[in-house]
Amino acid sequence: MIVRIEIEGGRAGFYEYRVSYESEELYADAGLESVVDCLVGAVEGMSPDVMAAEIWYRGVVSGTYPLTIIGMSVEQVAAHAENTTQAIREILGDD
């Protein structure tokens, strides 16, 4: 199964995430310090049948990653999500 992790926020203490599968929210959390904290929290709560996650940050998809990659490279996955979103928002003139 591949789930979606949607992360919102832009400053410490105000990050939140939702994990969903086929438009059904499975679980969520808020009040986190960073994108990394959101990814860690999201992955820790996943059932064993989840193999990968599609990562969204502030409405922009940054990629689909096997859970093992997220676990081993969480800082890089978070940085990629932040950089991808920043680049797209700059192109669109949203920031």
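Everything here concerns the structure above.
What you see as residue numbers is a count from 1 along each chain, following the sequence as written. The model is predicted, so local features are restricted to residues of pLDDT at least 70 and side-chain atom pairs to those at 80 or more, both for listing and for counting; the totals for chains, interfaces and linings are taken over all residues. Hydrogens and waters are ignored; side-chain quantities use all the structure's heavy atoms.

Digging into helix α3 (residues 74–92)
Here is the rule we go by: We count a stretch as a helix when DSSP gives it H or I for four or more residues in a row; a strand needs E for two or more, and each element gets its number in order from the N terminus. The span expected for a helix works out to 1.5 Å for each residue beyond the first. Think of it in three bands: residues with accessible area under 20% of the maximum for their type are buried, residues over 50% are exposed, and the middle band is partly exposed, with areas taken using a 1.4 Å probe on protein chains only. Our arc is simply the arc of the directions from the helix axis toward the C-beta atoms. Whether two residues are in contact is decided by their heavy atoms: any pair within 4.5 Å suffices.
Relative to the 27 Å expected for 19 residues at 1.5 Å per residue, α3 spans 27 Å between its end C-alpha atoms, a close match to the ideal helical length. Looking at α3, one finds that the buried residues are Val74, Val77, Ala78, Ala81, Thr85 and Arg89. One side of α3 carries all its buried residues, which in axial view fall inside an arc of 100°. Every exposed residue of α3 that faces more than 90 degrees away from the buried side is listed here: Glu75, Gln76, Glu90 and Ile91. Considering only its buried residues, α3 is in contact with α1 (35–44), β4 (52–57), β5 (60–66) and α2 (67–72). Of the residues trailing α3, Gly93 is marked for its positive phi of about 75°.

Considering a nonpolar patch on the surface
Here is the rule: Each patch is assembled from residues with relative accessible area greater than 30% and no salt bridge, linking like charges that lie within 9 Å and nonpolar side chains (Val, Leu, Ile, Met, Phe, Trp, Tyr) that lie within 5 Å. Computed with the Shrake-Rupley method and a 1.4 Å probe, the accessible areas treat only the protein chains shown as cover for residues. What counts as a salt bridge is simple: a side-chain nitrogen of Lys or Arg found within 4 Å of a carboxyl oxygen of Asp or Glu.
Together, Ile88, Ile91 and Leu92 make up a nonpolar patch on the protein surface, roughly 320 Å² of accessible area in all. Note on placement: Ile91 falls in helix α3.

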